[in-house]
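# Architecture and fold: a report
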Amino acid sequence: MEDNYSVVANGELENKSLDELIKTYGEQLLGKKVIEQFGTTFPLLIKFIDARDNLSIQVHPDDELAKERHNSFGKTEMWYVIKAAEGATLYSGFSQQIDANEYVERVENNTIMDVLQRYDVKPGDVFFLPAGRAHAIGAGCFIAEIQQTSNITYRIYDYNRKDANGNGRELHTELAKDAIDYTLYPDYRTHYTEKENVPVELASCKYFTTNLLELDEPLSRDFASLDSFVVYICMDGKATIKDDKGNEIAVYQGQTVLIPADTKNVTITPTPGAKFMETFIA
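Residues numbered from 1 in each chain as written. Predicted model: local features only at pLDDT ≥ 70, side-chain atom pairs only at ≥ 80, totals over all residues. Heavy atoms only, no water.

The residue Pro 186 is located in the loop between helix 6 (173–179) and strand 10 (189–190) in this model. Residue classification places Pro 186 among the exposed positions, given a relative accessible area of 84%. Sequence separation between Pro 186 and Ser 150 is 36 residues; the distance between their C-alpha atoms is 28 Å. (Helix = DSSP H or I, 4+ residues; strand = E, 2+ residues; numbered from the N terminus. Buried < 20%, exposed > 50% of the residue type's maximum accessible area, 1.4 Å probe, protein only.)

In structure tokens form, the structure reads like this:
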């Protein structure tokens, strides 16, 4: 967001903000197609979320509604569960068919949780959350989140929690009512087959494509025809990443690396068991 840009950790651009880099390098950094589609704001937010308590039930508007109401992009996102305490859960979508009127009634009578789909989670679980899907992260989940750059969130429910003054957090019942997608699906999880040393697609939409890389040997990635930056998120282990310009960097668990759009290829040389998420705009 405008007041929360990432900062370069080392090298000749150390302490430069991502906003400054975009202003200086533009298409070289983001890609021409990316700028045409999203402008000069970095189009993704990438977060680690360590939920010590149950987070509120939320929904995000799509681009059309967010533009109309807030002059903003909407928010489609995805979760990858890195760690999960015993009994950790999250919510995604509905467990039975409801409509907008029933939604409002259930928020008012505190039964909305009865119709949300609850999942017990484990490391490696993936959830794709298109704009409009009701969702929440439960206590004990440590999650990597990739999302559109937007701060538009409608709070549906907050477990009737009160602050020190006895006040509950604001709910956005009416705003959320028109933003929610009430379509019922049999399963809201993303299913994939783990494979070593090849990219495994976890999500693909117009806002981002995300692959899982589980590596125990070097892997080369060709981006010559990709008109986009690439982000690597190290979720386990460590590796070195070297590009075609001779730049090389060591990457450790919890660190994120931004590869500029004008990079033609990279080689990732891991320690055995290294795990990365690779994200770009296709």
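Attention shifts here to the side chain of Gln 147. Note that Gln 147 resides in strand 8 (residues 141–148). By relative accessible area, Gln 147 is classed as buried at 1%. Only 3.4 Å separates the side chain of Gln 147 from the side chain of Lys 47, close enough to count as a polar contact. Leave out the neighbours within four places in its chain, and Gln 147 touches Pro 43, Leu 44, Leu 45, Lys 47, Lys 75, Thr 76, Glu 77 and Phe 208. (Polar contact = N/O pair within 3.5 Å; in protein donor to acceptor, adjacent residues only side chain to side chain. Contact = heavy atoms within 4.5 Å.)

Here Arg 221 is to be found in strand 13 (residues 219–222). Overall, the relative accessible area of 17% leaves Arg 221 in the buried class. Side-chain polar atoms of Arg 221 contact the side chain of Glu 278, separated by 2.8 Å.

Right, let's talk about the packing of aromatic side chains for a bit. Taken as a whole, this structure holds 12 aromatic pairs when the rule is applied. Consider the rings of Phe 48 and Phe 142, whose centres lie 6.0 Å apart with planes at 15 degrees: the pair is stacked. Residue Phe 48 is located in strand 1 (residues 44–50), and its partner Phe 142 is located in strand 8; the two are separated by 94 residues in the primary sequence. Residue Phe 48 is classed as partly exposed on the basis of its relative accessible area, which comes to 32%. Under the relative-accessibility criterion, Phe 142 is labelled partly exposed at 26%. Put simply, the rings of Phe 38, Phe 73 and Tyr 207 touch in pairs and so form one group of aromatic residues. (Phe/Tyr/Trp six-rings, centres within 6.5 Å; stacked < 30°, edge-to-face > 60°.)

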